[in-house]
Amino acid sequence: MKIQFEIKEKLPEIIAEILNSEKWQTALHEKAPGLQRVTIKDPHFNSKASIDIWEKEIHIRTAWSNYTYRIVDKGDITVCEYIGAYRGLLEQTLLPKITPRMNILDSLVFESTLTGNKEETLRNYSTENMKLKISDVIISARNIILPLRKITHP
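The rules behind each value
Residues numbered from 1 in each chain as written. Predicted model: local features only at pLDDT ≥ 70, side-chain atom pairs only at ≥ 80, totals over all residues. Heavy atoms only, no water. Core = buried A, V, L, I, M, F, W, Y, C linked by side-chain atoms within 4.5 Å. Buried < 20%, exposed > 50% of the residue type's maximum accessible area, 1.4 Å probe, protein only. Helix = DSSP H or I, 4+ residues; strand = E, 2+ residues; numbered from the N terminus. Phe/Tyr/Trp six-rings, centres within 6.5 Å; stacked < 30°, edge-to-face > 60°. Contact = heavy atoms within 4.5 Å. Pairing = 2+ DSSP bridges.

(A) Layout of the nonpolar core. Judged by nonpolar contacts, the single largest core of 29 residues is most densely connected at Ile58, Ile71 and Leu89. Sorting the residues of this core by element identifies strand E1 (2-7), helix H1 (11-20), strand E3 (35-41), strand E4 (48-54), strand E5 (57-61), strand E6 (68-73), strand E7 (78-83) and helix H2 (122-152) as the ones contributing at least two each. With 4 residues, H1 is the largest single contributor of residues to this core.

In structure tokens:
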């Protein structure tokens with residue numbers, strides 16, 4: 001799923017948290033003109049996220065699932081683009097504070113395996129996602145129950 005939404009935080013706040021948070025250990029791997037490449041590591045678990053920091057943009061690749069967050073300074077607003085699983089959105093431990101400016105359910109999902117390139121609000125997408133999950137559960141239950149019926153009622 002690919003979604004974009006405006007956030008309350010500004011880029012300098014997010015960069016400061018990435019570089020100085022007590023929630024993780026930060027390691028600088030590369031510093032070049034206009035780019036800082038860091039990793040943040042959870043002090044309690046063997047997980048880390050990779051982060052590229054530019055002047056007007058940050059890219060975060062999450063620890064386990066390689067979901068990506070692209071945070072962009074667009075002048076008066078800061079926008080976050082997330083590419084990853086629906087259930088992973090804003091759920092990672094190794095993530096700076098990202099607060100949607102509006103109800104995130106009203107944000108547009110631009111791409112997904114569920115809807116293709118058809119734009120949907122996250123609210124509609126989550127409903128379709130839930131229907132798909134329920135359908136998967138029903139199919140799994142049928143696959144368990146039907147063979148059992150044959151065994152118990154030949």
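Picking up after the structure, the text goes on.
(B) Geometry of the packing of aromatic side chains. Under the criterion given, the structure shown has 2 aromatic pairs. For the ring pair tyrosine 67 and tyrosine 82, a centre distance of 5.9 Å and an interplane angle of 75° mean the geometry is edge-to-face. Separated by 15 residues along the polypeptide, tyrosine 67 in the loop between E5 and E6 and tyrosine 82 in strand E7 bring together distant segments of the chain. For tyrosine 82, a relative accessible area of 0% gives the class buried. Ring centres of tyrosine 69 and tyrosine 82 lie 4.9 Å apart, and the angle between their planes is 50°; on these two criteria the pair is classed as tilted. Of this pair, tyrosine 69 sits in strand E6 while tyrosine 82 sits in strand E7, placing them 13 residues apart in sequence. For the pair formed by tyrosine 69 and tyrosine 82, the shared burial category is buried. Of the aromatic side chains, those joined through ring pairs into one cluster are Tyr67, Tyr69 and Tyr82.

(C) The arrangement of the side chain of serine 47 in detail. Mapping serine 47 onto the fold places it in the loop between E3 and E4. Not counting residues up to four positions away in its chain, the partners in contact with serine 47 are Ile40, Lys41, Asp42, Ala63, Trp64 and Leu94.

(D) Layout of the pairing of E1. Residue alternation in E1 divides its side chains into a buried set, Ile3, Phe5 and Ile7, and an unburied set, Lys2, Gln4 and Glu6. Bridging between E1 and E7 involves 6 bridges; their strand directions are antiparallel. Within the sheet, the bridge partner assigned to glutamine 4 lies in E7 and is glutamate 81. Note: E1 against strand E8 (residues 108-111), 3 bridges, orientation antiparallel. Bridging across to E8, glutamine 4 finds its partner in leucine 108.

As far as function goes, none of this settles anything; it's purely spatial.
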